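Single-letter residue listing:
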Amino acid sequence: MGRPVRNTSEIRWRHTLEVIRLLRREGGLSVPRLAHRAGLSVVTTLDVVDRLREAGLVVQSGITPSRGGRRAMGYDLDRRFGFLVGQRLGRRHV
């Protein structure tokens, strides 16, 4: 298990990284599917996806296949961006 979480911004950051990781590996995932795979609520996942879309990092990839229910929109990383680089700065760590 990782180190303990200290605040809500760190939790949000971890959720964002997990959604990016899943989209990078699998792509074309709906919000409910992303939520299930990441172990997050649908509301939390939708918030992360919305923030990533506003930042221009995530795009809609089309309607996902359905197993009888309502078909959902899929999301993927915007391929115009070849990579993401991030660094987190804190009082005690980089």
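Note that this is a predicted model, so its numbers are computed, not measured.

Novice: Can you explain the overall build of the protein chain? Please cite residues and give values.
Specialist: Each helix and strand counted, the protein chain has three helices and three strands in total. Listed N to C, the secondary structure of the protein chain is α-β-α-α-β-β in terms of helices and strands. Taken over 94 residues, the protein chain has a buried fraction of 27%. Within the protein chain, contacts between residues at least 6 apart in sequence are counted, and of these 42% link residues at least 24 apart. With an accessible surface of roughly 7,100 Å², the protein chain has 52% of that area assigned to carbon and sulfur atoms.

Novice: Which residues make up the packing of helix H1 (residues 8–25) against helix H2 (residues 31–38), and what values go with them?
Specialist: Taken N-terminus to C-terminus, the directions of H1 and H2 make an angle of 110 degrees; their axes are 10 Å apart at the nearest point. Accordingly, the angle class assigned to the pair H1 and H2 is roughly perpendicular. The hand of the H1/H2 crossing is right-handed. Residues Glu 18, Val 19, Leu 22 and Leu 23 of H1 form the contact with H2, whose participating residues are Leu 34, Arg 37 and Ala 38. Split by residue class, the contact of H1 with H2 holds five nonpolar, no polar and two charged.

Quick notes on the rules
Residues numbered from 1 in each chain as written. Predicted model: local features only at pLDDT ≥ 70, side-chain atom pairs only at ≥ 80, totals over all residues. Heavy atoms only, no water. Helix = DSSP H or I, 4+ residues; strand = E, 2+ residues; numbered from the N terminus. Buried < 20%, exposed > 50% of the residue type's maximum accessible area, 1.4 Å probe, protein only. Contact = heavy atoms within 4.5 Å. Areas by Shrake-Rupley, 256 points an atom, 1.4 Å probe, with all protein chains shown as cover. Axes fitted to C-alpha atoms, helices over the stretch in contact; angles between N-to-C directions. Parallel < 35°, antiparallel > 145°, perpendicular 65-115°, else oblique. Left-handed = near helix turned anticlockwise from the far one by under 90°. Nonpolar A, V, L, I, M, F, W, Y, C, P; charged D, E, K, R; others polar.

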